[in-house]
Amino acid sequence: MAGRLIYLIGPSGSGKDSLLDAARPRLAERGCRVVRRVITRSAEAVGEAAQGVSPEQFAALQAEGAFALSWQANGLSYGIPKEIDEWLAAGDDVLVNGSRAHLAQTRARYPTSLVLLLTVDQAVLRQRLIARGREALADIEARLARNTRFTAELIAGHGAGLFILDNSGPLEQTVERLLCCLDHGHSACA
Ligand SMILES: Nc1ncnc2c1ncn2[C@@H]1O[C@H](COP(=O)(O)OP(=O)(O)O)[C@@H](O)[C@H]1O
Ligand SMILES: O=P(O)(O)OC[C@H]1O[C@H](OP(=O)(O)OP(=O)(O)O)[C@H](O)[C@@H]1O
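Let me sum up the structure you'll find in this document.

How each quantity is defined
Residues numbered from 1 in each chain as written. Chains lettered and ligands numbered in written order. Predicted model: local features only at pLDDT ≥ 70, side-chain atom pairs only at ≥ 80, totals over all residues. Heavy atoms only, no water. 1 Å grid on protein atoms, 1.4 Å probe; cavity = no way out; pocket = protein on both sides within 12 Å on 5 of 7 lines; lining within 4 Å. Points joined across faces, edges and corners; volume = space filled by probe spheres on them. Helix = DSSP H or I, 4+ residues; strand = E, 2+ residues; numbered from the N terminus. Nonpolar A, V, L, I, M, F, W, Y, C, P; charged D, E, K, R; others polar. Pairing = 2+ DSSP bridges. Axes fitted to C-alpha atoms, helices over the stretch in contact; angles between N-to-C directions. Contact = heavy atoms within 4.5 Å.

As a further point, take empty space enclosed by the protein. As enumerated under the stated definition, the model contains 1 cavity of 30 Å³ or more in all. Of the voids in this model, the largest cavity is the one considered here, and its volume is about 60 Å³. Lining the largest cavity we find Asp-17, Leu-20, Asp-21, Arg-24, Val-34, Val-35, Arg-37, Ala-49 and Asn-97. With 4 residues, the single largest contributor to the lining of the largest cavity is helix H1 (residues 16-29). For the lining of the largest cavity, a count of residues per class yields 4 nonpolar, 1 polar and 4 charged.

Structure, rendered in structure tokens:
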């Protein structure tokens, strides 16, 4: 049986990378693979979660069909390696750190995907982005503005089949809810 594509989305700073890092061993125990993304971000700013490439390298990979999904956001290009199709065909679940703006295209290609929206209270989000210290303040403001536009639209437009995971509290609690959702379905894990 084919595996499930699990598409984790949420605002910049909502905790997608932290959640995936914290849940990684327990996801592996369940046979769920976490995709390593290809990103045009400098190698120092990516780690286990991503491979950094130059814009030219990204364009070459895209031209040779290396990506199952790809998008641009926040001045960066992101690619999801096409190996995920082999993993899914082999029956493995595959978890992707995705883009809200690319949700419709992802659903078109993977109609049975499970979509998880990570949310955080906006004031908490601002504090976390500032504390993370990865972007300049102007970039943080741009990300917060992008978030305000998106979240309401998303919930209105994709309510059914969009599972909300709130990460305003402790990360461990969100990890437990994520695993509960995968094991038992969202309604069992409020
Ligand atoms: N539940 C949480 N409680 C406190 N801080 C958190 C929590 N989740 C994430 N963070 C912190 O918030 C910042 C943004 O998280 P990150 O995982 O980089 O988000 P994203 O990948 O969605 O942009 C990081 O500094 C991270 O340590
Ligand atoms: O359409 P959006 O939902 O806004 O998403 C745009 C991109 O931003 C996030 O990536 P990235 O890891 O670069 O940013 P983050 O670490 O700040 O979340 C997310 O994973 C997408 O790749």
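Before going further, it helps to spend a moment on the layout of surface pockets. Over the atoms, a rolled probe matching the size of one water molecule traces out where space is still vacant. Taken as a whole, the largest pocket holds about 510 Å³ of empty space. In terms of lining, the largest pocket is formed by 30 residues, of which the most central are Pro-11, Ser-12, Gly-13, Lys-16 and Arg-132. Among the elements of the structure, H1, strand E5 (67-73), helix H5 (122-132) and helix H6 (137-158) are those that each provide at least two residues to the lining of the largest pocket. Taken together, the residues of the lining of the largest pocket break down into 8 nonpolar, 12 polar and 10 charged.

Attention shifts here to the sheet that holds strand E6 (residues 76-81). Sheet strands line up and pair through hydrogen bonds in the backbone, either parallel or antiparallel. Strand order in the open sheet formed by 4 strands is E4-E3-E6-E5, with mixed pairing between adjacent strands. The open sheet is flanked by strand E4 (50-52) and E5, the only strands paired with a single partner. Averaged over all adjacent pairs, the angle separating strand axes in this sheet is 25 degrees, with direction ignored. Where strand E3 (residues 37-39) meets E4, 3 bridges bridge the pair, whose relative direction is parallel. Across the sheet, residue Arg-37 finds its bridge partner in E4, namely Ala-50. Relative to the sheet, helix H2 (residues 55-63) contacts E3, E5 and E6, its axis offset from that of E5 by approximately 140 degrees.

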